[in-house]
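Each chain, letter by letter, is given below.
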Amino acid sequence: MHKILLAAAALSVPALAQAAEPGDIAAARIGYFSLVNLEMGGLAAMAQGKAPYDAERARALAGDLKLLSEYLHDDLLMPGTSNAELAGKTRALPAIWEQTEDYRAKGMAFREAVAALQGVAGEGQEALAPAVGKVGATCKACHDSYRAKDF
Ligand code: HEC
């Protein structure tokens, strides 16, 4: 019985999941950062006073951003998916694959800044604003080295 179930499961997997092509990886990467941007945008609006501060919403946005920051996006760094190979489809610079340790370190700095932000997001606009600023600096530090200005 058990064996039959396992065999059935093995058969159904390829039907659901397809091996990713380089273009799919680039699209997934852009999708990932678009989610990061969405959560960060809501927080930045509150930090800058463009949206009213709401502790519950700030906590929810920061929680989602924390989840995203913990996603180890090594799977999105498949070789052959930089803008040198996929011109027009990605802004990821080849430097990511030449200095992967530094790229990962910038990812860790982002993750740590988001964890700090999540700790204070519900504690008022004055606590939120500087923490959002620190996260923003980690976005910029990575983009400056690893993201092309344009597609
Ligand atoms: C560790 C590096 C790193 C960090 C940290 C990082 N990004 Fe990015 N981001 C990238 C790379 C690389 C790309 C390009 C992805 C691609 O085009 O394949 C990107 C792309 C984007 C995009 C573009 C999607 C598009 O349509 O071109 C947005 C928006 C974005 N990031 C926002 C953010 C924000 C906001 C933060 C911080 C809250 C952040 N990123 C943190 C590396 C990073």
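Quantities reported herein were computed from a predicted structural model and do not represent experimental measurements.

Novice: Would you mind showing me how to read the UniProt feature "binding site: heme c" (unreviewed entry) in the protein here?
Specialist: Residues given the UniProt feature "binding site: heme c" (unreviewed entry) here are Cys-139, Cys-142 and His-143. Residues that both appear in the annotated list above and line the largest pocket are Cys-139, Cys-142 and His-143. Summarising the element assignment, Cys-142 is placed in helix α6 (residues 125-146). Not counting the four nearest positions on each side in its chain, Cys-142 is found in contact with Tyr-103, Lys-106 and Arg-147. Among the secondary structure elements, His-143 is positioned in helix α6.

Novice: Is there a simple way to explain the pattern of salt bridges in this structure?
Specialist: Oppositely charged side chains may form a pair once their charged atoms are brought near each other. The full count for this structure, using the stated rule, is five salt bridges. Residues Lys-106 and Asp-102 are paired through a salt bridge, measuring 3.0 Å at the closest nitrogen-oxygen approach. Of the two residues, Lys-106 and Asp-102 both sit in helix α5 (residues 100-120), four residues apart, roughly one turn of that helix. When its relative accessible area of 21% is taken as the criterion, Lys-106 is described as partly exposed. Of the charged contacts, one joins Lys-140 and Asp-144 as a salt bridge, the two residues approaching to 2.8 Å between their closest N and O atoms. Residue Lys-140 and its partner Asp-144 are both found in helix α6; the two are separated by four residues, about one turn of the helix. Its relative accessible area of 49% is what places Asp-144 among the partly exposed residues. Sharing partners across several salt bridges, the network here consists of Asp-74, Glu-101 and Arg-104.

Procedures and definitions
Residues numbered from 1 in each chain as written. Predicted model: local features only at pLDDT ≥ 70, side-chain atom pairs only at ≥ 80, totals over all residues. Heavy atoms only, no water. UniProt positions renumbered as here; feature names shortened; annotations may be inferred. 1 Å grid on protein atoms, 1.4 Å probe; cavity = no way out; pocket = protein on both sides within 12 Å on 5 of 7 lines; lining within 4 Å. Helix = DSSP H or I, 4+ residues; strand = E, 2+ residues; numbered from the N terminus. Contact = heavy atoms within 4.5 Å. Salt bridge = Lys/Arg side-chain N within 4 Å of Asp/Glu carboxyl O. Buried < 20%, exposed > 50% of the residue type's maximum accessible area, 1.4 Å probe, protein only.

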